[in-house]
Every structure is written in C-alpha cells, then in structure tokens.
Amino acid sequence: MKHVQGQLRCSQRWACRALGQHRSTQRYVASVARDDAPLLKRIGELVRRHPRRGYRMICGRLRMEGWRVNHKRVHRLWRREGLRVPQKHRKKRRLGVTANGIVRQRASCRNDVWCWDFVHDSDERGQPLRWLTVVDEFTRECVALEVARSMTANDVLDILVELFKTRGVPRHIRSDNGPEFIAKAMRDFLKATEVEALYIEPGSPWQNGYAESFNSRFRDELLNGEIFGDLREAKALSVYWRNEYNHERPHSSLGYIPPARFAATLAASPLGAAPLRCEAASVGSCN
C-alpha cells in the first residue's frame, strides 16, 4: 500500500513538475467567506431599490453602512448572481398600426392622402440641415419642401396651416411616430380640421413607401450632388429642385409626365379622381 501511495505521490510530483505548477495548486480548496450570505442579501436589497446603480455605487453604499468589503469582492458576487444595470430605453408613444400603411390605405384622388417625413443633412461647415417633405400620394406632387436648422412640432404645425390655406385640406395624412407628428398639439389640430392621421407601425418605413421613395430621389438628385454653403443656399436650391420636380421631371408611375401636369389633367373631375398613367409602377413608387 505504501508502495502504491508512493507511486501516486511521485506521479503527482512528476505531473506538477512537467506542467510547471506548484503542488499546492492541486490541493487548494476555496474557502467561502462566512458573511457572503448576509452580504448578498444586502446587495440584493440595494439593487432592487436602486436598479440604475452599478456595483461600484453599491460597494460605496456598503462601505458607508459599515461593511468591510472592496469593489473586487462586490464585483465577484455581482457577476456570480448575474446582476446587471438594465439598459436605458427611451419611452415611445406607439400610435401606429399596420392598417395605416400604403397597401391598405391607398389614395384615391388628389388631396386624399398626404405623406410627410424628415430628411437630414449638413452644410459645408458641418451645421445641421433638416428638411420637411410633404407629398401628395395620388398626384406625386411635392406639396412642401421646407428646410431649417431644426424644426419643432410648432414649426411643423405652422407649415401645415399654410399648406391648408394654399392647397386645401387633405382627408388623411400619413407619417411615422416622430415626436413632431405625434405631439398633442398636432393631433388636436388634425382632429379639429377633420384630417385623419395615419400613423404607420413603428419600425416599418415600408408602410410609408411614397415618402421613403421621394426622400430617396431627393437625396440622390440634390443632397448628394450639392454642397450647401449655408441655410440660405439650402433654401434656394430646395425651391429650385422642388419646382423642377413638380413641373419638369418625368415621373415613371404617371406615364413619364411631371406631377403638376398630371394634376392639371384632373381639373375636370370634382374630386380629382383618375387612374394613374402607369400601374406597373405600383404602390410605393416615386421615381
């Protein structure tokens, strides 16, 4: 038996020598601190009371209460229990539904459905520029193309009031859940003017396909090809591009005629209802 034990001892000694490890590493048994249980209990209480505080803050609080701990020990227990600070999420007001998308709620005549959205860019000095785009989904006309450094809900509301005065009041207006579009003042105004707000489902830009398609053309043809010296230059170029888009640029879904010319052909109809010239360029096309 002694011979066998000696062989085992020699084997352990030989293995440790071969691996370059001290023999004590094979005999170490971790000891659990006696006060881990009450410490864990207190950590849990603090985490439930202050969920946004990390382990360093919790460690500081424990020291203030008289616990003799350092941040390494608290961090070890923190990791062992799977604790973590929850990610901070921005609160959202979800008003959109799938039924408000372009497939289920199509425009049937002029001023039936408008869509609007924002496009962002910057001038040559890196200062922000923000465009509000408004499009008539039936005639594909660019109803408004306004640019500013920034726009609040009240600014958007002022633009909408002027559009109602000059062009008329649409039956519906489609948008995403941007804060300017879902502001209480905006919703109250639309309700007072009997305009139905079609808020698309959050995270579903394809449900506002006409706006997305127009914004893509706008960025490709103007924003990606021009360097804006300042806000004044951006406004001037936007007016020029909008006029060209409405009156000169052929539109594929309208039989390759400009939107303004197509809208003029609807003058004989009291509601402006007429089939689009090219149904092949179906829902969402704004080329």
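Look up a bit, the structure's there.
As the structure is a computational prediction, the values presented were derived from the model and not from experiment.

1. Quick word on the sheet that holds strand 4 (residues 172–175)
Read from one edge of the open sheet, five strands run 3-2-1-4-5, paired in mixed fashion. Looking at strand neighbours, the two that pair on one side only are strand 3 (142–148) and strand 5 (196–199), the edges of this open sheet. For this sheet the average axis-to-axis angle between neighbouring strands, irrespective of direction, equals 20°. Note that strand 1 (residues 113–122) and strand 4 share three bridges and pair parallel. By the bridge assignment for strand 4, Cys 115 is matched with Arg 174.

2. Some points on the packing of aromatic side chains
A full pass over the atoms with the stated rule returns 13 aromatic pairs. A ring pair is formed by Trp 241 and Tyr 245, whose centres lie 5.2 Å apart and whose planes are at 20°; its orientation type is stacked. Of the two residues, Trp 241 and Tyr 245 both sit in helix 9 (residues 231–247), four residues apart, roughly one turn of that helix. Tyr 245 shares its class with Trp 241; the two are buried. Following the ring pairs from residue to residue traces out a cluster consisting of Trp 131, Phe 214, Phe 218, Phe 228, Trp 241 and Tyr 245. It is Arg 130 that lies over the ring of Phe 118; its NZ or CZ is 3.8 Å from the centre.

3. A word on the nonpolar core
Residues Trp 114, Trp 116, Leu 132, Val 134, Val 156, Leu 160 and Met 186 are the most contacted members of the largest nonpolar core, which totals 23 residues. Every element with two or more residues in this core is listed here: strand 1, strand 2 (128–136), strand 3, helix 5 (153–167), helix 6 (179–182) and helix 7 (184–192). The biggest single contributor to this core is helix 5, with six residues. When neighbours within four sequence positions are excluded, Met 186 is seen to be in contact with Trp 116, Ala 153, Val 156, Leu 157, Leu 160, Glu 180 and Phe 181. Residues Cys 115, Val 119, Val 135 and Phe 214 belong to the second largest nonpolar core, which totals 19 residues.

4. Concerning the pairing of strand 2
Burial runs high along strand 2: eight of the nine residues are buried. Alignment of strand 1 against strand 2, held across nine bridges, turns out to be antiparallel. Along strand 2, the bridge assignment pairs Val 119 with Trp 131. Here strand 1 folds back onto strand 2, and the loop between the two strands holds five residues, one of which, Gly 126, carries a positive phi near 85°. As judged from the six bridges shared by strand 2 and strand 3, these two strands associate in the antiparallel manner. Within the sheet, the bridge partner assigned to Thr 133 lies in strand 3 and is Leu 145. The hairpin formed by strand 2 and strand 3 contains five residues between the paired strands, and Arg 140 there has a positive phi angle of roughly 65°.

Rules used throughout
Residues numbered from 1 in each chain as written. Predicted model: local features only at pLDDT ≥ 70, side-chain atom pairs only at ≥ 80, totals over all residues. Heavy atoms only, no water. Pairing = 2+ DSSP bridges. Helix = DSSP H or I, 4+ residues; strand = E, 2+ residues; numbered from the N terminus. Axes fitted to C-alpha atoms, helices over the stretch in contact; angles between N-to-C directions. Phe/Tyr/Trp six-rings, centres within 6.5 Å; stacked < 30°, edge-to-face > 60°. Buried < 20%, exposed > 50% of the residue type's maximum accessible area, 1.4 Å probe, protein only. Lys NZ or Arg CZ within 6 Å of the ring centre and 35° of its normal. Core = buried A, V, L, I, M, F, W, Y, C linked by side-chain atoms within 4.5 Å. Contact = heavy atoms within 4.5 Å.

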